[in-house]
Amino acid sequence: MLKSLLKPVLLISAAAALTAPAALSANDLIKSGETVAVAKSTLSITPPRDWNKLSARPGKKAETWTLDGEQLNDISFYSDIAPGEPLLRERSKKRDPLPKLRSNSLLTDVPEFLEGTYRAHFGIAVFSLGASKPTKFLNEPAIQFTYEYVTPDELTRRGEAIAVLRSGKLFMITYDAPKLHFFERNIEDYRAVVASAKIA
Amino acid sequence: MNLIRAIAAALLVLCTSSFGLAQAQERTAVRQGFTLPPNSGKTILLFRPTIRVGAQSTGGMFEPNADWTAQGREHMGVSLRQLQDRLGNRVIEASEPIGEQALLVAEHMALFAAVSSSVINYQFFVGNRLPTKKRDNRNDVFEWTLGPQVARLPGAADADYGLFIYTEDQYGSTGRKVLQAFAMLGGVGVQSGVHSGYAGLVDLKTGELLWLNADGKMGGDVRTPEGAEKRMRQLLEEFPGSSVQTAPAA
């Protein structure tokens, strides 16, 4: 009886927790030159400049770094994403499901996996994938690709990502920023972060 | 045991969200070393404000309303014309852009909103500051920019500074208000309605943000002449060199 009465309140609490600003949460300083593990994994980064790690994680196995706020420069790390798992935290598994990584996913499927995730999670209608090319990441064959999209706040954003599948699990680092000024301003900072990535 | 843990989590959410709302205060900032006395001989290019008005769905999504937006634009436009002569320096209105130039202006307005929102969230808002911005605050540094490409905006070559004004109002739908009421009964804070307003002065050569008045909880119903005037006064109060006063509380 008590449980049934409290259920709506708890549901609302959960909704409020998802929509409330990250109040009182401490965003952490990532100091230049110090090696840190990211996204609760064995993936580590040694950034050549200071970054801020946001306390709010976009997914269970994800983490975001920024210089001025995620709206202006956003590096997100996705680590150890297994088949059957989404990239980002689902608001509602029933009403707003996100694409899941498949056990037979190939590197070439990753850009569309990201596109589908962004479209569903951020309510994006305009999204275009740019060039993709094979590369090396974490000492393994990987894919690097670019994309561009318009967010509901009517701002055009550009992105670059690098991804690798290790034993069927996805490791990816993305960089998203407004097309105007911010993308170009910090793209090399992102590439320096990628270049420092190591995995145990 | 899980139930008790869930109730504790609910109470924690109540505390954090209530605190967050209380701390989201209006703030103004000026770039270090920037001053703009009245009659300085500088020219300010006034871009047509971006006014977005709509409803907030039960789930918290913005649903634009064309009629309300038209009312907001009309009333805010009238208020701005009445106040712009009191800004203390020469103000010229940007001509109505067309084609590619209109897209460029709209994109800059959206970028200005994103920068302003980031300033509120990560430099003004005490509980959520980025560590690097805390360091800036300690050193009295306010360094934000839209980028030097602002020099390509139509009319930028004829002015020193650009004045950007952006407001977004989301009036809580019936469903959102009901959710808020139920949540209140359960001791949980759910916000109904969003009323954000940003006014910023930008160096049209460098893109640097020189002055910003940004508030996530503004007053004044922009759908009415009186409310729009109150909002515009709030946006332009403390504008460097101006004599605009905030409207007295009704």
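Note that the structure is predicted; figures quoted are calculated from it, not measured.

**Q** Can you break down the overall build of chain A residue by residue, with the values?
**A** Scanning chain A from terminus to terminus reveals three helices and eleven strands. Secondary structure of chain A in N-to-C order comes out as α-β-β-β-β-β-β-α-β-β-β-β-α-β. Of the contacts formed within chain A by residues at least 6 apart in sequence, a portion of 46% connects residues at least 24 apart.

**Q** So what about the pattern of salt bridges? Which residues, and what values?
**A** Side chains that differ in sign of charge can pair as their charged atoms come close. Overall, the coordinates contain 22 salt bridges over all chains when judged by the stated rule. With a shortest N-O distance of 2.8 Å, Asp68 of chain A and Lys133 of chain B are connected by a salt bridge. Here Asp68 of chain A is found in the loop between strand S5 (62-66) and strand S6 (74-81), whereas its partner Lys133 of chain B is found in helix H4 (residues 131-138) on a different chain. Using a relative accessible area of 4% as the deciding quantity, one classes Lys133 of chain B as buried. Salt-bridge contacts for Arg48 of chain B lead to Glu96 of chain B; the nearest nitrogen and oxygen are separated by 3.0 Å. Pair noted here: Arg48 of chain B is in the loop between strand S2 (43-46) and strand S3 (50-56) and Glu96 of chain B is in the loop between strand S5 (90-93) and helix H3 (99-124), with a separation of 48 residues, a long-range link. Here Arg48 of chain B matches Glu96 of chain B in class, with each residue exposed. When salt bridges that share partners are traced, they join Asp68 and Arg185 of chain A together with Lys133 of chain B into one network.

**Q** Can you tell me about the nonpolar core, naming the residues and giving the values?
**A** In this structure, Ile75, Phe77, Phe137 and Ile173 of chain A together with Val115 of chain B are the most contacted members of the largest nonpolar core, which totals 59 residues. In terms of residues, this core owes the most to one element, H3 of chain B, which gives twelve residues. Ignoring anything within four residues of it in the chain, the contact list for Val115 of chain B reads Leu72 and Phe182 of chain A together with Trp144, Thr145, Leu146 and Leu209 of chain B. The next biggest cluster of nonpolar side chains, apart from the first, holds 27 residues, and it includes Leu201, Trp211, Val222 and Leu235 of chain B.

**Q** So what's going on with the layout of surface pockets? Which residues, and what values?
**A** All names here are of chain B. Counted as a void, the second largest pocket has a volume near 810 Å³. Lining the second largest pocket are 33 residues, with Arg48, Pro49, Thr50, Arg73 and Glu96 sitting closest to its centre. Within the residue set of the lining of the second largest pocket, elements represented by two or more residues are S3, strand S4 (62-64), helix H2 (66-83) and H3.

**Q** Quick one: what's the story with the sheet that holds strand S10 (residues 169-178) of chain A, residue by residue and with numbers?
**A** All names here are of chain A. As summarised here, the arrangement of the eight strands in space is S1-S4-S5-S6-S10-S9-S8-S7, forming an open sheet in which the pairing is antiparallel. Only two strands of the sheet have a single neighbouring strand rather than two, namely strand S1 (28-30) and strand S7 (126-137). The average undirected angle you get between the axes of adjacent strands in this sheet is 20°. When strand S4 (residues 51-53) meets S5, the two strands line up antiparallel, connected through two bridges. Bridged to Asn52 within S5 is Thr66.

**Q** Which residues make up a nonpolar patch on the surface, and what values do they have?
**A** Taken together, the side chains of Val178, Phe182 and Leu185 of chain B present a nonpolar region at the surface, about 340 Å² in accessible area. Among the secondary structure elements, Val178 of chain B is positioned in helix H5 (residues 174-185).

**Q** So what's going on with a positive patch on the surface? Which residues, and what values?
**A** Residues and elements named next belong to chain A. A contiguous patch of positive charge on the surface is contributed by Lys40, Lys60, Arg89 and Lys93. Structurally, Lys40 can be placed in the loop between strand S2 (36-37) and strand S3 (43-45). For Lys40, a relative accessible area of 67% translates into the label exposed.

**Q** Tell me what's going on with the sheet that holds S2 of chain A, and back it up with residues and numbers.
**A** Residue and element names in this part refer to chain A. With antiparallel pairing, the three strands of this open sheet are ordered in space as S2-S3-S11. Each having just a single partner strand, S2 and strand S11 (198-199) make up the two edges of the open sheet. In this sheet, S3 lies alongside S2 in antiparallel orientation, the contact comprising two bridges. Its bridge partner being in S3, Ala37 is matched across the sheet by Ser44.

**Q** Run through H3 of chain B, naming residues and quoting values.
**A** Between its first and last C-alpha atoms H3 of chain B spans 36 Å; for 26 residues at 1.5 Å apiece the expected length is 38 Å, and the two agree. Counting buried positions along H3 of chain B yields 19 of 26 residues, so the element is predominantly enclosed.

**Q** Would you mind going over the pairing of S10 of chain A in detail, with residue names and values included?
**A** All names here are of chain A. When you tally the buried positions in S10, you get nine out of ten residues, the bulk of the element. Sheet analysis places S6 next to S10, joined by six bridges and oriented antiparallel. Of the residues in S10, the one forming a bridge with Phe77 is Ile173. Looking at chain direction, strand S9 (residues 156-166) and S10 are connected through ten bridges and run antiparallel. Of the residues in S10, the one forming a bridge with Leu165 is Leu170.

**Q** Before we move on, can you summarise the packing of aromatic side chains with the specific residues and values?
**A** Any aromatic ring pair is given by two values, namely how distant the centres are and how the planes are angled relative to each other. Summed over all chains, the structure comprises 19 aromatic pairs over all chains. Ring centres of Tyr118 of chain A and Tyr147 of chain A lie 5.8 Å apart, and the angle between their planes is 85°; this geometry places the pair in the edge-to-face category. Separated by 29 residues along the polypeptide, Tyr118 of chain A in helix H2 (residues 110-122) and Tyr147 of chain A in strand S8 (residues 140-150) bring together distant segments of the chain. The burial state of Tyr118 of chain A is the same as that of Tyr147 of chain A; both residues are buried. Arranged with centres 5.0 Å apart and planes meeting at 75°, the rings of Trp211 of chain B and Phe239 of chain B form a pair that is edge-to-face. Here the residue Trp211 of chain B occupies a position in strand S8 (residues 209-215), and Phe239 of chain B occupies one in the segment after helix H6 (225-236), the gap between them amounting to 28 residues. The class of Phe239 of chain B is buried, set by a relative accessible area of 2%.

Definitions and limits used
Residues numbered from 1 in each chain as written. Chains lettered and ligands numbered in written order. Predicted model: local features only at pLDDT ≥ 70, side-chain atom pairs only at ≥ 80, totals over all residues. Heavy atoms only, no water. Helix = DSSP H or I, 4+ residues; strand = E, 2+ residues; numbered from the N terminus. Contact = heavy atoms within 4.5 Å. Salt bridge = Lys/Arg side-chain N within 4 Å of Asp/Glu carboxyl O. Buried < 20%, exposed > 50% of the residue type's maximum accessible area, 1.4 Å probe, protein only. Core = buried A, V, L, I, M, F, W, Y, C linked by side-chain atoms within 4.5 Å. 1 Å grid on protein atoms, 1.4 Å probe; cavity = no way out; pocket = protein on both sides within 12 Å on 5 of 7 lines; lining within 4 Å. Points joined across faces, edges and corners; volume = space filled by probe spheres on them. Pairing = 2+ DSSP bridges. Axes fitted to C-alpha atoms, helices over the stretch in contact; angles between N-to-C directions. Patch = residues over 30% accessible without salt bridge, like charges linked within 9 Å, V, L, I, M, F, W, Y side chains within 5 Å. Areas by Shrake-Rupley, 256 points an atom, 1.4 Å probe, with all protein chains shown as cover. Lys, Arg positive; Asp, Glu negative; His and termini not counted. Charge placed at Lys NZ, Arg CZ, Asp CG, Glu CD. Expected span 1.5 Å × (residues − 1). Phe/Tyr/Trp six-rings, centres within 6.5 Å; stacked < 30°, edge-to-face > 60°.

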